[in-house]
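Examining the three-dimensional arrangement
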Amino acid sequence: MKMKLLSLLITATLAQYATAEIPRTASGKPNFNGNYDTATLTPHQRPKAFGNNLYMSREEADKVVAAENEAQAAGEKELDPNREAPPEGGDGNYALGAGGVGGYNTFWIARGDTSLEIDGKFRTSILYQPENGRYPKMLPAAGARMMKKYASFSKGNPGYAWWLEEEGPSPYDGPESRTLSDRCLQGFGSTGGPPMMPTLYNNFKRVVQSEDHVMILVEMVHDVRTIRLDSKHVSEDIRLWMGDSIGHWEGDTLVVDTTNFTDNPGNGRATRDLHVVERFTMQDETTLHYQFTAEDPNTWAEPWSGEYTWPKSPDPVYEYACHEGNYAMGSILRGARLLESEYKPKEK
Amino acid sequence: MNKTYTLIAAALLAAVYYSSQVWAHHAFSAEFDPNRPLVLKGPVTRVEWVNPHAWIHLEHTNENGEKEQWMVEGGTPNTLLRRGVNKNTVKPGTYIIVDGYQSKDRSQRANGRNITLADGKKLFMGSSGTGAPEDGAGPR
């Protein structure tokens, strides 16, 4: 029942946008052309403390911003110039992709500076369905698949060739054993999606629209989505990194349907059977409202939905020539070969 | 796999799958060796303002007084560009201190876990002596 009310609320909200002044193309269609900064401090999933509450107060929203500012300030604090090397065996930091060796300073990070506000109300999460604002529980087979797929993250970083102690291919065998973001093939964190989610940095998008296509350039890894309007999906044999997207207009809303993913969609949990429906609506001259529903019978027992706003930005979308500077890949693979050559089987 | 790593695995899975907003381009754990911590000190020789991650080169003098050419990995330069910081902000010759871990391939590469100036201020956040513009002092 609550879900129904929520749907009604969202429909009512969108209807209200229809009457607002929005930019239009020569043919009268809503005009999405422009650059957007999609960063928000509101998390994808709702912190459990908020329970089923989709909204938070301005005070709570301010606290989220203050916490981020504090984290940034802490990261910018000066250090002892005579500091010693970090501890041998790792520094114990496994957050932020740090893998026990640390990541990099916070000045490289840009997660946004505001909490998500829709219709004057602050949101506790981007996800609103399921009702608790959290991804549905993964099916057991999906959990096992994840452990395998991300073995190089999940096995920790002991500093020796642990993979030689296990059967089967390792995450270090070659470039193709690495994740798509390691390989500069796709941005991480589902930044290009679909669904397109805000991530650690480079949350800019550029939309270029014509009468029969809408192109979305994602800053991270130059992910480009080309949405064909009033078209049909390609044959199911054809599989694409970001799926095959077709769109049509429902009033002033662009509805985009995406199927035909590979085994590695932007959403790291999903499979080739992921199906995403997105709804793009200009809610005023400078704000795009982005809503999505995703489902994948191999991963979740139920669909999940979310929404957030994309404010237009005067800033350019910068180049992200990932392959050209991806020295990390060479270091990872050469390092793995070196550790393998030094590996000594454990005494039984 | 011992218990510690099992716990770490659980925490990592939570990080990977449930808070993508705090994930990074690649696995630092795959690239850097936790058993080779280090401190590097010396003048910047070159800045590679490249994606996915910028690299800052420096000339480190080792315990034997020999000069070594090192490079340390940072983050995406795009973020800093938006803060008014560019590849010329850090001039060659700027003395920096880096603590981090060496690359697993044992080349003279390390992660820029912490990069500071000689006085301990964070690189790009330091005084005008670095050439960092005022608007580079913090997030907008």
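Each remark here, short or long, concerns the structure printed above.
Not measured: the values here are computed from a predicted model. (Residues numbered from 1 in each chain as written. Chains lettered and ligands numbered in written order. Predicted model: local features only at pLDDT ≥ 70, side-chain atom pairs only at ≥ 80, totals over all residues.)

**Notes on the overall build of chain B**
- Across its full length, chain B holds 3 helices and 6 strands.
- For chain B, the N- to C-terminal ordering of α and β elements is α-α-β-β-β-α-β-β-β.
- Out of the 140 residues belonging to chain B, those deemed buried represent 49%.
- Summarising the internal contacts of chain B: among those between residues at least 6 apart in sequence, 53% fall at separations of at least 24. (Helix = DSSP H or I, 4+ residues; strand = E, 2+ residues; numbered from the N terminus. Buried ≥ 20, exposed ≤ 12 C-beta atoms within 10 Å, placed from the backbone. Contact = placed C-beta atoms within 7 Å.)

**Overview of the sheet that holds strand β4 (residues 121-123) of chain A**
Residue and element names in this part refer to chain A.
- Read from one edge to the other, the open sheet built from 3 strands follows the order β2-β4-β3, with strand pairing classed as antiparallel. If you trace the sheet from one side to the other, it starts and ends with β2 (55-56) and β3 (117-118), each paired once.
- Pairing of β2 with β4, which is carried by 2 bridges, proceeds in the antiparallel orientation. By the bridge assignment for β4, Met-56 is matched with Phe-122. (Pairing = 2+ DSSP bridges.)

**Some thoughts on the nonpolar core**
- Counting 44 residues, the largest nonpolar core has B:Ile56, B:Val72, B:Ile96 and B:Val98 as the members making the most contacts within it.
- Counting only elements with at least two residues in this core, the list comes to α5 (327-342) of chain A together with α2 (28-31), β1 (32-48), β2 (55-61), β3 (67-73), β4 (95-103) and β6 (114-117) of chain B.
- When residues in this core are grouped by element, the largest group, 5 residues, is from α5(A).
- Residues within four places of B:Val72 in sequence aside, it is in contact with B:Leu40, B:Trp55, B:Ile56, B:Val98, B:Gly100, B:Ala110, B:Asn111, B:Gly112 and B:Ile115.
- Counting 38 residues, the second-largest nonpolar core is a separate cluster that includes A:Ile126, A:Leu254, A:Val256 and A:Trp304. (Core = buried A, V, L, I, M, F, W, Y, C linked by C-beta atoms within 7 Å.)

**As for the interface of chain B and chain A**
- Taken together, the contact between chain B and chain A spans 71 residues of the former and 76 residues of the latter.
- Put simply, the parts of the chain that give the side of chain B that touches chain A at least two residues each are α1 (3-18), α2, β1, α3 (77-82), β4, β5 (109-111) and β6 of chain B.
- No other element matches α1(B), which puts 10 residues into the side of chain B that touches chain A.
- Taken together, the residues that form the side of chain B that touches chain A break down as 33 nonpolar, 23 polar and 15 charged. (Nonpolar A, V, L, I, M, F, W, Y, C, P; charged D, E, K, R; others polar.)

**Looking at the sheet that holds strand β5 (residues 127-129) of chain A**
Residue and element names in this part refer to chain A.
- One open sheet accounts for 10 strands, arranged β1-β6-β7-β8-β9-β10-β11-β12-β13-β5; its pairing is mixed. The outermost strands of the open sheet, each flanked by one partner alone, are β1 (34-37) and β5. Mean inter-strand twist for the sheet, computed between neighbouring axes without regard to direction, equals 25°.
- Pairing of strand β6 (residues 204-209) with strand β7 (residues 213-218) involves 5 bridges; the strand directions are antiparallel. (Axes fitted to C-alpha atoms, helices over the stretch in contact; angles between N-to-C directions.)

**Re the pairing of β4(B)**
Residue and element names in this part refer to chain B.
- Extensive coverage of β4 is indicated by the burial of 8 of its 9 residues.
- As paired strands, β1 and β4 are joined by 8 bridges and run antiparallel to one another. Following the sheet pairing, Val-39 is matched in β4 by Asp-99.
- Summarising the sheet, β4 and β6 pair through 4 bridges and their orientation is antiparallel. Paired with Asp-99 across the bridge in β6 is Asn-114.

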